[in-house]
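Given next are the chains, with one letter for each unit.
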There are 2 protein chains.
Amino acid sequence: MAQDLVMGIDVGGQSSKLGVVNANGEILAQCVVSSLQTELKDYLKDLTDAIKDLIAKTADQGTVKGIGIGAPNGNYYKGTIEYAPNLKWTYIDGQPTVIEFAKLISGEVGLPVTVTNDANAAAMGEMAYGTAKGMKNFIMITLGTGVGSGIVIDGKMVYGHDGFAGELGHVCVVPGGRKCNCGLEGCLETYTSAMGVARTARHMLAEDKRDSLLRQLDPEKISSKDVYDAAKEGDEMALEIFNYTGSLLGRAFADFVKFSAPEAIVIFGGMAKSKEYFHGALVKSMNDNLMKIWKNKIQILYSSLKESDAAILGASALAWD
Amino acid sequence: MAQDLVMGIDVGGQSSKLGVVNANGEILAQCVVSSLQTELKDYLKDLTDAIKDLIAKTADQGTVKGIGIGAPNGNYYKGTIEYAPNLKWTYIDGQPTVIEFAKLISGEVGLPVTVTNDANAAAMGEMAYGTAKGMKNFIMITLGTGVGSGIVIDGKMVYGHDGFAGELGHVCVVPGGRKCNCGLEGCLETYTSAMGVARTARHMLAEDKRDSLLRQLDPEKISSKDVYDAAKEGDEMALEIFNYTGSLLGRAFADFVKFSAPEAIVIFGGMAKSKEYFHGALVKSMNDNLMKIWKNKIQILYSSLKESDAAILGASALAWD
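Now for a look at the structure at hand. (Residues numbered from 1 in each chain as written. Chains lettered and ligands numbered in written order. Predicted model: local features only at pLDDT ≥ 70, side-chain atom pairs only at ≥ 80, totals over all residues. Heavy atoms only, no water.)

### Focus: the pairing of strand 4 (residues 62-71) of chain A
Look at any regular strand and the pattern is simple: side chains alternate between the two faces of the sheet. Residue and element names in this part refer to chain A. Formally: Throughout this description, buried means an accessible area under 20% of the type-specific maximum (1.4 Å probe, protein chains only), exposed means over 50%, and partly exposed covers the range between. A helix here means a DSSP run of H or I that spans at least four residues, while a strand means a run of E at least two residues long, and both kinds are numbered starting from the N terminus. Only strands that DSSP links by at least two bridges are regarded as paired with each other.
For strand 4, the tally of buried residues reaches eight of 10 residues, placing the bulk of the element in the interior. One ladder, built from seven bridges, connects strand 1 (residues 3-11) with strand 4; its direction is parallel. Pairing of I9 across the sheet is with I69, part of strand 4. In the sheet, strand 4 pairs with strand 10 (residues 113-117) via five bridges, with the strands oriented parallel. Within the sheet, the bridge partner assigned to G70 lies in strand 10 and is T116.

### Looking at the sheet that holds strand 13 (residues 156-157) of chain B
Residues and elements named next belong to chain B. This is how the line gets drawn: Note on contacts: a residue pair qualifies if any of its non-hydrogen atoms lie within 4.5 Å across the two residues. Axis definition: a line fitted to C-alpha atoms, limited for helices to the stretch in contact. Angles are taken between N-to-C directions and run from 0 to 180 degrees.
Read across the sheet, five strands follow the order 13-12-11-14-15 without closing on themselves; strand pairing throughout is mixed. In the strand order of this sheet, the two ends are held by strand 13 and strand 15 (299-302), each with one partner. Where helix 3 (residues 118-129) meets the sheet, its contacts fall on strand 11 (138-143), strand 12 (147-153), strand 13 and strand 14 (264-268), and the angle it forms with strand 12 comes to roughly 50°.

### Observations regarding the interface of chain B and chain A
Just so we agree on the cut-off: The term buried area means the drop in 1.4 Å probe accessible area that two parts suffer when joined, counted for both and summed. Salt bridge, as used here: a side-chain nitrogen of Lys or Arg that lies within 4 Å of a carboxyl oxygen of Asp or Glu. Here a polar contact means two N or O atoms within 3.5 Å. Within protein one must be a hydrogen donor candidate and the other an acceptor candidate, and residues neighboring in sequence count only if both atoms are side-chain atoms.
Contacts between the two partners involve 41 residues from chain B and, on the opposite side, 41 residues from chain A. Roughly 3400 Å² is buried in total at the junction of chain B and chain A, and carbon and sulfur atoms are behind 68% of that figure. Ranking the residues of chain B by area buried against chain A places H161(B), F259(B) and I293(B) at the top, with a combined share of 21%. Joining chain B to chain A, the criterion identifies zero salt bridges. At the junction of chain B with chain A, the criterion picks out 14 residue pairs in polar contact (both at pLDDT 80 or more). Taken together, the elements giving at least two residues each to the side of chain B that touches chain A come down to strand 12 and helix 7 (236-260) of chain B. The biggest single contributor to the side of chain B that touches chain A is helix 7 of chain B, with six residues.

### Some remarks on the side chain of D208(A)
Residue and element names in this part refer to chain A. Mapped onto the secondary structure, D208 falls in the loop between helix 5 (194-207) and helix 6 (224-232). Of note is the side chain of D208, whose polar atom sits 2.6 Å from the side chain of R210. When neighbours within four sequence positions are excluded, D208 is seen to be in contact with R215 and M237.

Here it is, written out as structure tokens:
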């Protein structure tokens, strides 16, 4: 018997991942298209071709009823992608603009399309199928190139008045601190994203005379992966970089707890791979910065889903709604 | 015809205010009892006597069906008041403890009793009858002796996993900054409450050689009211104190916006009287610390309700639920 299906799409800076999902959360078919096009029409053509292709491929298993999309700066209420610095096809005259994304896709493929930001989509995936299954109050923090967040309160995603709620990567953790791509200073993202870890490494190498495996590398090209590799070798400076990262994350998390009193904060994204090097400092710093009512009561968890699956599954959950 | 009525109670550090409210939000009768008792049984006796008295007084107008209470550190889920430093009758052996407040009152007066924290109650009053009428997403910040908050998302009060959500007075605005009563450092409350303004005054008087009307006062006894009076006279230092206060509030508000993207932040409490001296700095600092998507889009409003009325009305709204 033909079943109802939905499609989930995870729009990333490098590539976009598409999957057709059934009511049990099984991905029946998936594919990837590049997100590096510089022209909107080129990206749309590639993406909608892939959508149609995937629908055709799964036609014998059921009917795709709708599409959910997670995208950087995606707006749930308006179906737009707004001022996303990492998506070149949203640029006009060198500046990111507002793209009526849901409308454009829907017009081309004839299905209802819902958009939200990528971290929200990941949080929905985690709530439906992952570590946060059954939780009603949690915060998802994505630690990747940048830092994103999805906030769930009473079992519902928080979108806020304008659809942009949950930009926790841009709370100020160091007043007057590092310059951020968003134009502000001292944002959490500038310290605790993969890019932030690399910045901390460059800073320590410049300020500090200690020997370190990191000194063998070109400072301008150091990545969080290099710091991770050095930490694995027991490199003292690399370990200190992750300690510092964890301690800033922990202080920020404590403030998030004061807002929505979640049961858990779930960490997702590439940086989670380094958790053994920052988890201890994170938990200590969070508890040091919490009042008695919360000390040692908030769980810090890590996503159990494959990164690409969580984003596709989360985006697809939007389509079921 | 007998109508259904509810009672709202605002438990404050100095006094507790009680009111019987009808479905139109009219306060039919009210009274005040002291909150300064040092023994729980003395406070409970005074409070429950006042409750019974008020019910008797309004018996010809209708029947009180339930009681809603706003109290410092009130927990909605458990009906408790937990570790409230400003309520001496919660102390055992010199330490504030957990009081089963709803149960104790309900047992004595035979009506259902619901408890929440005082700032949440004020937010509910503001949403039902005040500046936030009709708003679905706003944050109430109470600037009094301390700093409290009530967060409304999608028209619903945020309680969080444990009932303690919304302790925004204790987010860290100055890492390693002023010691707070809660045990943490750099809390928003230590800078922007009435007490915080007095601390800033003492700090500036000590650090700064300028002449000021504030120098005529005993620094240890300076209050935010003294700073307000000096600002009214155009005193430069007093104006700078409010500027500093507004600027820290604005930076903190910007981070709150990044969390829940509210339509407005509503300020409530004694410090609102000084708004003409901090509002400008607050709005500028908030916008300086917001990303493009929010710049100049978030309203800063001030409560339109009489302080005691808002708290009674807000607490009474709990009882209708």
